[in-house]
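Coordinate inspection notes
So the chains spell out like this:
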Amino acid sequence: MPSRGAQRIAKLCENTKVARRSRAEVFSSMDPNGNNVLSLAEVQKFMKDVWPEFNRQRMLIRAHSAADGDGSGYITRNEFLKFLKYIVFFDNLYDKFVAIDSDSDHRLTEAEFVKGCELIGGSKIEDPGAAFKAMDRNSGGFVLFDEFSVWVARKLCVDDAGVDDEMYLDAHRGSAAAIASADGSKVRSGAWWKGRMKLMDMTKKNDPTAKKRRHELFTRIDVDHSKGISPQEVFNAVKSMWPEFDSMEAVKSAFHAADRSGDGTIQFKEVRILLQYLIFFDDAWELFKQMDTNADGKLSLKEFKKGIHLLNLKTAVSNPDTAYHTMNCDGGEGVELDEFAAWLAEHSGKKSDFLQDTRRVRDSQDASSDQSLAEFMDSLGLADYTSTLVEQDIKTVADLAMMESGDLREVGLTIGAARKVLNAVKA
């Protein structure tokens, strides 16, 4: 049963005139200088004096950061409702953490987590050991509250509930800085999370505001006014608007997955799924890159087995060897990103149309693999540039088709070589 404090906040969060008026009064009580924003210090003082049951510094810091959507360091009146919800959310997480932390040393060992993980709630954790390793990103052998809160937020808000992952993103923002400073774990930049949030906002179905923003975006990207967005236009838009999505291969895969009509362009009706796939393939790329320890652009069986704990899967992998060989559809020397992404979608509980799109991308990549980048460059008398392109993550002729002369010159081609390449790919 929720605590009295949680019940009080739940009433404040109701969508009624009385609740809205009460929230405004509580906000004003927390804002003694009347500047209409709440600093962390103001929140902490209020909790100490008025709501002592929530006077937990670790929890308050995370809740304040999570609700601070614009990164200003303050909670505005528009952010206050979300802040109240995160007080309860992080307080509950902290209660679970403390209950599992049997020796009260403010960190979880694998043994403690395995023994107490049922206290988290939600669906059963099939492999607690693998879940612990997924949290323990720096392999330090123990998990701090921030690592725990990000993982549990992902489990409860996304994997179990299958809801929009805004709450997970906020929870990550609330803990990411602390994770980075506490143990050096790799966390994505604030720019990445803000970019993701903007895209997520535009993917909402049956939302007039989201649809309007998608239309504005489509018009902005469709620079030649052809009523269809080309691969080059998408690539240019990503570079200028969302540079944090930095994998050309992931962008290319997102484009082909969203092009359900197969006409080589993105129509307005496909923009929403393009945005979804930009996020999905960038996530897949980030995991792929972490697992690809020798950075050769392919996963070996050894790399897959060593890095499988990084994956937060809906379906447990009982036999990594079988999973790897299933993933490696073309029987090549290693698993490529599109093969990995299709397998990841299937084991992350994605819907059938999502699975069909990712498999189509994978199969088209396999079908086109006979025309290698090396053969193409050799046919133009430019074989010496092949290794330069591969080093810059340009691995297929399709990648070249998404580039302009300036892009090729940036990666080391001369003006003449760049012109020759572009004339050939667009012929």
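Counting restarts for each chain, with residues numbered from 1 along the sequence as it is written. The predicted origin of the model limits local features to residues at a pLDDT of at least 70 and limits the giving and counting of side-chain atom pairs to 80 or more, whereas totals for whole chains, interfaces and linings rest on all residues. Remark: hydrogens and water are excluded; side-chain values derive from all non-hydrogen atoms of the structure.

This brings us to the packing of aromatic side chains. Stacked, tilted and edge-to-face are the three classes assigned to paired rings of Phe, Tyr and Trp, where Trp is represented by its six-membered ring and a pair needs centres within 6.5 Å; plane angles under 30 degrees give stacked, over 60 edge-to-face, the rest tilted. Per the stated rule, a full pass over the model turns up 21 aromatic pairs. Measuring from centroid to centroid gives 6.2 Å for Phe-113 and Phe-132, while their planes differ by 45°, and the two rings are tilted. Pair noted here: Phe-113 is in helix α6 (residues 110-116) and Phe-132 is in helix α7 (residues 128-135), with a separation of 19 residues, a long-range link. Relative to Phe-288, the ring of Trp-285 has its centre 6.3 Å away and its plane inclined at 25°; by these criteria the two rings are stacked. Here Phe-288 and Trp-285 lie together in helix α14 (residues 271-291), a separation of three residues that amounts to about one turn. Across the pair, exposure class does not vary: Trp-285 and Phe-288 are buried alike. Of the aromatic side chains, those joined through ring pairs into one cluster are Tyr-94, Phe-97, Phe-145 and Phe-148. For a ring to carry a charge above it, either NZ of a lysine or CZ of an arginine must fall within 6 Å of the ring centroid while also lying within 35 degrees of the normal to the ring plane. When the ring centre of Phe-142 is taken as origin, the NZ or CZ atom of Arg-107, which lies over that ring, is 4.3 Å away. Helix and strand labels come from DSSP, where a helix needs a run of H or I of at least four residues and a strand needs a run of E of at least two; each type is numbered from the N terminus. Per-residue accessibility, obtained with a 1.4 Å probe over protein chains only, is compared with the maximum for each type, and a residue is labelled buried under 20%, exposed over 50%, and partly exposed between these values.

Once that is clear, we can look at empty space enclosed by the protein. As defined here, a cavity is a set of points on a 1 Å grid over the protein atoms alone where a 1.4 Å probe fits but cannot get out. A pocket is an open set with protein on both sides within 12 Å along at least five of seven lines, and residues line them when an atom is within 4 Å of a point. Grid points are joined across faces, edges and corners, and a volume is the space filled by probe spheres set on the points. As enumerated under the stated definition, the model contains one cavity of 30 Å³ or more in all. The calculated volume of the largest cavity comes to roughly 60 Å³. Residue lining of the largest cavity: Leu-217, Phe-218, Ile-221, Ile-229, Val-234, Ala-237, Val-238, Trp-242, Val-271, Leu-274, Leu-275 and Leu-278, and that is the complete set. Of the residues forming the lining of the largest cavity, the biggest block, four residues, is contributed by α14. In terms of residue class, the lining of the largest cavity is built from twelve nonpolar, no polar and no charged. Nonpolar residues are Ala, Val, Leu, Ile, Met, Phe, Trp, Tyr, Cys and Pro. Charged residues are Asp, Glu, Lys and Arg, and all others, Gly as well, are polar.

Here we take up the packing of helix α11 (residues 208-221) against α14. For any two helices packed against each other, the geometry comes down to the angle between their axes and how far apart the axes lie. Fitting a line to C-alpha atoms yields each axis, with helices limited to the stretch in contact; the angle taken between N-to-C directions then spans 0 to 180 degrees. Following both chains from N to C, one finds α11 and α14 inclined at 85°, their axes separated by 10 Å at the closest point. With respect to α14, the axis of α11 lies roughly perpendicular. Contacts from Arg-214, Leu-217 and Phe-218 of α11 reach α14 at Val-271, Arg-272 and Leu-275. For this classification, under 35 degrees means roughly parallel, over 145 means roughly antiparallel, 65 to 115 means roughly perpendicular, and everything else is oblique. Contacts are residue-level and defined by heavy atoms, with any inter-residue pair within 4.5 Å sufficient.

With that out of the way, let us pick up the environment of Asn-15. Secondary-structure assignment places Asn-15 in the loop between α1 (4-12) and α2 (17-30). At 2.8 Å, the side chain of Asn-15 forms a polar contact with the side chain of Arg-20. Between N or O atoms, a polar contact is any pair within 3.5 Å; within protein, one atom must be a potential hydrogen donor and the other a potential acceptor, and residues adjacent in sequence are included only when both atoms are from side chains.

Another point: the environment of Cys-13. By the secondary structure assignment, Cys-13 is in the loop between α1 and α2. Along the sequence, Cys-13 and Leu-84 sit 71 residues apart, while their C-alpha atoms lie 7.4 Å from each other. Each residue touching Cys-13, except ones within four places of it in the same chain, is listed here: Arg-23, Leu-81, Leu-84 and Lys-85.

Glancing now at unusual backbone geometry. In this structure, Asn-36 takes a positive phi of about 65° despite not being glycine. Looking at the element boundaries, Asn-36 is found in the loop between α2 and β1 (37-38). The class of Asn-36 is partly exposed, set by a relative accessible area of 38%. Backbone geometry places Ser-104, a non-glycine residue, at a positive phi of 55°. Along the polypeptide, Ser-104 turns up in the loop between α5 (77-100) and β3 (108-109). A relative accessible area of 54% places Ser-104 in the exposed class.

Time to look at the nonpolar core. If you look at the biggest cluster of nonpolar residues, it comprises 51 residues, and the most contacted ones within it are Trp-242, Tyr-277, Leu-278, Phe-304, Leu-311 and Phe-340. Mapped onto this core, the elements with two or more residues apiece are α10 (190-202), α11, α12 (231-241), α13 (248-258), α14, α16 (320-327), α17 (337-347) and α18 (352-367). Excluding residues that lie within four positions of it along the chain, Phe-340 makes contacts with Ala-284, Leu-287, Phe-288, Met-291, Leu-299, Leu-311, Met-327 and Val-335. Buried Ala, Val, Leu, Ile, Met, Phe, Trp, Tyr and Cys residues form a nonpolar core when they are joined through side-chain atoms within 4.5 Å.

Quick look at the packing of α2 against helix α3 (residues 40-49) now. Packing of α2 against α3 brings their axes to within 9 Å, and their N-to-C directions diverge by 105°. Comparing their axes, α3 and α2 come out roughly perpendicular. Residues Val-26, Ser-29 and Met-30 of α2 pack against Glu-42, Val-43, Phe-46 and Met-47 of α3. The class makeup of the residues in the contact of α2 with α3 is five nonpolar, one polar and one charged.

Turning our attention to the pattern of salt bridges. Put simply, a salt bridge is a Lys or Arg side-chain nitrogen that is within 4 Å of an Asp or Glu carboxyl oxygen. If you walk through the whole model with that rule in mind, you get 14 salt bridges. With its nearest N and O atoms 3.5 Å apart, the salt bridge here joins Lys-133 to Glu-110. Taken together, the positions of Lys-133 in helix α7 and Glu-110 in helix α6 put the pair 23 residues apart, joining distant regions of the chain. In this structure Lys-133 comes out as partly exposed when scored by relative accessible area, which is 39%. The residue Asp-357 makes a salt bridge to Arg-360 at a minimum N-O spacing of 2.7 Å. Separated by three residues within a single helix, Asp-357 and Arg-360 lie in helix α18, roughly one turn from each other. Three or more residues joined by partner-sharing salt bridges are found here, namely Arg-260, Asp-353, Asp-357 and Arg-360.

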